[in-house]
Amino acid sequence: MNYRTGIVSSLAEIGESAWSALLELQGNANPFLSYAFLHALHESGCVSADTGWQARYLTLTQDGALAAAMPLYVKSHSFGEYVFDWAWAEAYQQHQLEYYPKLLSAIPFTPVTGPRLLARDADARAALIRLLLAQQDGAATSSSHILYLPEEQALQLQQAGFMLRCGVQFHWTNGGFRDFDEFLATLEFKKRKNIRAERRQVAKEGITMRRVRGREVSAADWNLFYSCYCNTYAEHRSSPYLNLDFFLRIGRTMPDNILLVIAERGGKAIAASLLVHTPQALYGRYWGALEYVPCLHFETAYYQPLEFCIEQKIATFEGGAQGEHKMARGFLPQKTWSAHWLAHPAFAGAVARFLERESGGIELYIDELNERNPFRS
């Protein structure tokens, strides 16, 4: 079939209706692929050429309709990705070769699995892969990286010459629990005891929790959350990726997907976590505090969201990147996928050997984690 190819630097060039119509065909596409979320990243300046994320979205159109698209960026660094290739970049540098710029297909700062090859059918998806390969061959970039994509799409890219890499996240599954206590009853005794002790510790500090749905989040709530978010980055001697304008934008444009959990003591807010959700899934995103209180992070970022999932009958809670500590709270390991292509033959071969060794280690790691299953036999 004949398609018209395009490269766009802004979702506005595609249009919200065309983008949303294509997303609807993807089935379980998450909110981070939505026009509202991606456009907010771009319009707020969090994602731009100045921040090292130059948008270069690939598009295929036919008879004026969007048939396929791919979020794609030219990256001048590896920050905000969560699939770490710093060692690869260092190896290039040691051999006086340029690793940056590189091509990256991902949702910026968001380690959540979702489709990256957005297409209305198999033919359009195959044509999109061919367009990606042509971009690789024609661009002055060292490599291409497609992160947090479904296994099916990873295998399709493997057939096109990409190398696959696996990682691990921790997800919670709702067993149809009536309340939090029924969930706790499924855990081993020690895990149950520790969770109850952590929640008592927060209560003893005189802290109360407030869960605010997106449409009820006030400007003061957003300012409080952002202060907490920035403070936590500062305590880790780092700078936040996202600005207040971004959070205000998603608060306006996707309120039905927003949950804010606020911790208060004596009428004063001291911590907050931001989560994104659909009727099927809850995604842990950002947390911050203005002062340290033991166990407050667990209450704000895990236990309150778990109660929300149970109350709303949400099936899955994805806790974000890394974190074996999540297992003690009922989260189990899940494999994630990424696909990689390097233009330099010698480095491609070296990375392929590294990934083969790493893959075996990941399988052993998952087996080890499953042996530490927190649930009662």
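Cut-offs used in this document
- Residues numbered from 1 in each chain as written.
- Predicted model: local features only at pLDDT ≥ 70, side-chain atom pairs only at ≥ 80, totals over all residues.
- Heavy atoms only, no water.
- 1 Å grid on protein atoms, 1.4 Å probe; cavity = no way out; pocket = protein on both sides within 12 Å on 5 of 7 lines; lining within 4 Å.
- Points joined across faces, edges and corners; volume = space filled by probe spheres on them.
- Helix = DSSP H or I, 4+ residues; strand = E, 2+ residues; numbered from the N terminus.
- Nonpolar A, V, L, I, M, F, W, Y, C, P; charged D, E, K, R; others polar.
- Pairing = 2+ DSSP bridges.
- Contact = heavy atoms within 4.5 Å.
- Axes fitted to C-alpha atoms, helices over the stretch in contact; angles between N-to-C directions.

A word on the layout of surface pockets
Okay, so step 1: Its boundaries defined by the atoms lining it, the largest pocket holds a volume of some 1,100 Å³.
Okay, so step 2: Lining the largest pocket we find 41 residues, and of these Thr232, Tyr233, Arg285, Trp287 and His297 sit closest to its centre.
Okay, so step 3: Elements with a minimum of two residues in the lining of the largest pocket: α8 (219-235), β12 (268-277), β13 (281-289), α10 (296-312) and β14 (316-321).
Okay, so step 4: Classifying every residue of the lining of the largest pocket by side-chain character gives 23 nonpolar, 13 polar and 5 charged.
Okay, so step 5: Taken as a whole, the second largest pocket holds about 700 Å³ of empty space.
Okay, so step 6: Contributing to the lining of the second largest pocket are 29 residues, with Asn28, Ala29, Asn30, Pro31 and Tyr283 lying nearest its centre.
Okay, so step 7: Those elements giving two or more residues to the lining of the second largest pocket turn out to be α1 (16-24), α2 (35-43), β13, β14 and β15 (332-342).
Okay, so step 8: Along the lines of polarity and charge, the residues of the lining of the second largest pocket split into 11 nonpolar, 14 polar and 4 charged.

A word on the sheet that holds strand β7 (residues 118-119)
Okay, so step 1: Strand order in the open sheet formed by 4 strands is β1-β3-β4-β7, with antiparallel pairing between adjacent strands. Each end of this open sheet is capped by a strand with a single partner; those strands are β1 (4-8) and β7.
Okay, so step 2: Bridge analysis of strand β3 (residues 57-62) against strand β4 (residues 65-70) gives 5 bridges, and the strand direction is antiparallel. Bridge pairing links Leu60 to Ala68 in β4.
Okay, so step 3: Helix-sheet contacts for α1 involve β3, β4 and β7, and the interaxial angle to β4 is about 75 degrees.
Okay, so step 4: Where helix α4 (residues 122-138) meets the sheet, it contacts β1, β3, β4 and β7, and its direction lies at approximately 135 degrees from that of β3.

Don't take any of this as a statement about function, it's just geometry.
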